[in-house]
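Below are the chains, spelled out letter by letter.
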Amino acid sequence: IARDPALDLAVIKIEGSGFPSLSFGDSDQVQLGQTTIAIGNALSEFRNTVSTGIVSGLARSITASDGMGGRESLDQLIQTDASINSGNSGGPLLNLSGEVIGVNVAVANDANGIGFALSANSVKNVVESVKKTGKIIRPYLGVRYTPVTEALKKQNNLSVDYGVLVVPGETANDLAVIPGSPADKAGIQANDIILEIDGKRVDESTSLQSIISKKNIGDRITLKILSNGDEKIVTATLEEMK
């Protein structure tokens, strides 16, 4: 009944009632080293495969490929060494209480024991939105960006090693700032660096997407940006992502 291209997620509705179900846990409480259980159809052949492991990393960001040339950026992922294979995507990642703390989404093909799951809180927000409104509603700022790292700082002679650099995408149509978006109305331009949002530093542990996803449509946010070498404060009012 709904598709979310941002999270590579589909929401389905099953007719009937009284079915057993799993409940969502609070993925913000997940800790490194805790035990995880992954369930799915491994290799699309072995149904209801169960594997165990631990949480190996939190708040991971990856660029995933679908094997057919498509690519997508995923954020705030839980990394686990529980065995996840092709066909496991969409299956739950559980804690020892049987709560869903994530939804399996990707695996590193050139490594062993590196799998990723969407955080339960991200998925929960999507499900609740569909229940309440019949569609996926989320706020957006309207910028394309790349995280500023130490390597990017050296390569481009930047003055900071955190934040996100506002840059265009791979094609001419992928503008750095979407025309008419909240970012455009706030005066944000290509090559600006967004340093903070509402006083929260944007870095590897706190991504721009994770901050925006916790906001509501109509929220007014304050951004500290670095523009042409000067720091300045701008405000933007978040709107519904089209």
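To be clear, the structure that these remarks concern was listed above.
The structure contained in this document is the topic of the report that follows. (Residues numbered from 1 in each chain as written. Predicted model: local features only at pLDDT ≥ 70, side-chain atom pairs only at ≥ 80, totals over all residues. Heavy atoms only, no water.)

**Re the overall build of the chain**
If you tally the helices and strands in the chain, you get 4 helices and 16 strands. For a compact globule of 242 residues, the expected C-alpha radius of gyration is about 18 Å, and the chain comes in at 19 Å, within 12% of that figure. Dimensions of the chain, computed from the C-alpha atoms along their principal axes, are close to 55 × 40 × 35 Å. Evaluated residue by residue, the chain yields a buried proportion of 40% over its 242 residues. Sequence-distant contacts, at least 24 apart, represent 55% of the contacts inside the chain between residues at least 6 apart. Entry remark: accessible area of the chain is about 13800 Å², with carbon and sulfur atoms responsible for 47%. Seen as two clouds, the 22 positive and the 28 negative side-chain charges of the chain have centres 5 Å apart. (Helix = DSSP H or I, 4+ residues; strand = E, 2+ residues; numbered from the N terminus. Rg over C-alpha atoms; globule rule 2.2 N^0.38 Å. Buried < 20%, exposed > 50% of the residue type's maximum accessible area, 1.4 Å probe, protein only. Contact = heavy atoms within 4.5 Å. Areas by Shrake-Rupley, 256 points an atom, 1.4 Å probe, with all protein chains shown as cover. Lys, Arg positive; Asp, Glu negative; His and termini not counted. Charge placed at Lys NZ, Arg CZ, Asp CG, Glu CD.)

**A short note on the nonpolar core**
Core analysis: the biggest nonpolar cluster contains 21 residues, and Leu141, Ile188, Ile194, Ile197 and Leu223 have the highest contact counts within it. Looking at this core, the elements that each hand over two or more residues are strand S11 (164-166), strand S12 (193-197), helix H4 (208-213), strand S14 (220-227) and strand S15 (230-237). With near-sequence residues (within four places) excluded, Ile194 lies in contact with Leu141, Val143, Gly163, Val164, Val166, Ile188, Val202, Leu208, Leu223, Lys224 and Ile225. Grouped together as the second largest cluster of nonpolar side chains are 15 residues, Leu7, Leu118, Val126 and Val130 included. (Core = buried A, V, L, I, M, F, W, Y, C linked by side-chain atoms within 4.5 Å.)

**Here we look at the pairing of S12**
Counting buried residues in S12 gives 5 out of 5 residues, a clear majority hidden from the surface. As paired elements, S11 and S12 share 2 bridges and run antiparallel to each other. Bridged to Leu165 within S12 is Ile193. Bridge count for S12 against S14 is 4 bridges, and the pairing is antiparallel. Counterpart to Glu196 in the pairing with S14 is Lys224. Strand direction decides the pairing type here: S12 and strand S13 (residues 200-201), joined by 2 bridges, are antiparallel. Within S13, the residue paired with Glu196 across the bridge is Arg201. Turn length for the S12-S13 hairpin, with the two strands adjacent in sequence and antiparallel, is 2 residues, and the turn residue Asp198 shows positive phi of about 50 degrees. (Pairing = 2+ DSSP bridges.)

**A closer look at helix H1 (residues 120-133)**
Helix length check: H1, at 14 residues, gives a terminal C-alpha distance of 20 Å against a target of 20 Å (1.5 Å per residue), a fit within 8%. By the burial criterion, the buried members of H1 are Ala120, Asn121, Val123, Val126, Ser129 and Val130. For H1, the elements touching its buried residues are strand S1 (2-4), strand S2 (9-11), strand S7 (100-107) and strand S8 (115-119). Once H1 ends, the next one or two residues include Gly134, with phi positive near 85 degrees. (Expected span 1.5 Å × (residues − 1).)

**Here's the deal with the packing of aromatic side chains**
Taken as a whole and judged by the stated rule, the model has 0 aromatic pairs. Above the face of the Tyr162 ring, Arg201 is positioned so that its terminal group lies 3.7 Å from the ring centre. (Phe/Tyr/Trp six-rings, centres within 6.5 Å; stacked < 30°, edge-to-face > 60°. Lys NZ or Arg CZ within 6 Å of the ring centre and 35° of its normal.)

**Thoughts on the side chain of Thr36**
Looking at the element boundaries, Thr36 is found in strand S3 (residues 35-42). Looking at Thr36, the relative accessible area reads 0%, which means it is buried. In contact with Thr36, other than residues within four places in its own chain, are Ser51, Thr52, Gly53, Ile54, Val55, Thr80, Ala82, Leu93, Leu94 and Ile101.

**Considerations on a nonpolar patch on the surface**
On the surface, a cluster of nonpolar side chains totalling about 360 Å² of accessible area is made up of Ile12, Ile14 and Phe19. Along the polypeptide, Ile12 turns up in the loop between S2 and S3. (Patch = residues over 30% accessible without salt bridge, like charges linked within 9 Å, V, L, I, M, F, W, Y side chains within 5 Å. Salt bridge = Lys/Arg side-chain N within 4 Å of Asp/Glu carboxyl O.)

Function-wise, these values are silent; they only describe arrangement.
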